[in-house]
Amino acid sequence: IDNFQLNQCANIKYFIGTIDSLKPGKTFDLVAVNIISSTIYGLMPVLRGFIGKYIIFSGILNSEKDIFIKIMDKYGLKLNETMAENEWFGALFEKL
């Protein structure tokens, strides 16, 4: 939220909260998720429906990177970009 204000991004709408707070059928151009992979796997059947185009995942252990990418592929998400810092991995996927 602070970065939105610093970069004067007045036309960006965002939501911060749990997946249970969202209405089915609503999609977002960009979804960002920062939780461990085991939690993400359980949310994916519902979470996929909210992805309009892109999703950023972070909070994934580097040791789980390969299996995470394979599982996201099964949900129709194409890997676009990755980043890593210390033992953590993050990625940008595009919904096909």
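Residues numbered from 1 in each chain as written. Predicted model: local features only at pLDDT ≥ 70, side-chain atom pairs only at ≥ 80, totals over all residues. Heavy atoms only, no water.

A. Region of interest: the packing of aromatic side chains. By the definition in use, this model includes 5 aromatic pairs. Taking the centre distance of 5.7 Å and the plane angle of 75° together, the rings of Phe57 and Phe93 count as edge-to-face. Residue Phe57 is found in strand 2 (residues 51–61), and its partner Phe93 is found in strand 4 (residues 88–95); the two are separated by 36 residues along the sequence. One aromatic cluster in this structure is built from Tyr41, Phe57, Phe68, Phe89 and Phe93. In this structure, Lys26 is placed above the aromatic ring of Phe28, and the distance from its NZ or CZ to the ring centre is 5.5 Å. (Phe/Tyr/Trp six-rings, centres within 6.5 Å; stacked < 30°, edge-to-face > 60°. Helix = DSSP H or I, 4+ residues; strand = E, 2+ residues; numbered from the N terminus. Lys NZ or Arg CZ within 6 Å of the ring centre and 35° of its normal.)

B. Structural view of the side chain of Lys95. Of note, Lys95 is situated in strand 4. An unpaired buried charge is present at Lys95: no salt bridge exists, and Asp29, the closest side chain of opposite charge, is 11 Å distant. A distance of 3.1 Å separates a polar atom in the side chain of Lys95 from the backbone oxygen of Arg48. Among the polar contacts listed, one links the side chain of Lys95 to the backbone oxygen of Ile51, at a separation of 3.0 Å. When sequence neighbours within four positions are dropped, the list of residues in contact with Lys95 reads Arg48, Ile51, Gly52, Lys53, Gly76 and Leu77. (Buried < 20%, exposed > 50% of the residue type's maximum accessible area, 1.4 Å probe, protein only. Lys, Arg positive; Asp, Glu negative; His and termini not counted. Salt bridge = Lys/Arg side-chain N within 4 Å of Asp/Glu carboxyl O. Polar contact = N/O pair within 3.5 Å; in protein donor to acceptor, adjacent residues only side chain to side chain. Contact = heavy atoms within 4.5 Å.)

C. Representation of a nonpolar patch on the surface in the model. On the surface, Ile12, Tyr14 and Ile16 cluster together to form a nonpolar patch covering roughly 330 Å² of accessible area. As for its placement among the helices and strands, Ile12 is situated in the loop between helix 1 (2–6) and strand 1 (28–34). For Ile12, a relative accessible area of 39% corresponds to the partly exposed category. (Patch = residues over 30% accessible without salt bridge, like charges linked within 9 Å, V, L, I, M, F, W, Y side chains within 5 Å. Areas by Shrake-Rupley, 256 points an atom, 1.4 Å probe, with all protein chains shown as cover.)

D. Examining the pairing of strand 1 more closely. Both strand 1 and strand 2 contribute to a ladder of 6 bridges, which runs parallel. The partner of Asn34 across the bridge, within strand 2, is Ser58. You can see the chain leave strand 1, run along helix 2 (residues 37–47) and come back into strand 2, and the turn it takes is right-handed. (Pairing = 2+ DSSP bridges. Right-handed = clockwise from strand over helix to strand, strands pointing away.)

E. Inspection of the nonpolar core at higher detail. In terms of nonpolar packing, the biggest core is built from 18 residues, with Ile55 and Phe57 touching the most fellow members. Of all the secondary structure elements, the ones that give two or more residues to this core are strand 1, helix 2, strand 2, helix 3 (65–74) and strand 4. Of the residues forming this core, the biggest block, 4 residues, is contributed by strand 2. Look past the residues within four positions of Phe57 in its chain and what remains in contact with it is Val33, Ile40, Met44, Leu47, Phe68, Met72, Leu77, Phe89, Gly90, Ala91 and Phe93. (Core = buried A, V, L, I, M, F, W, Y, C linked by side-chain atoms within 4.5 Å.)

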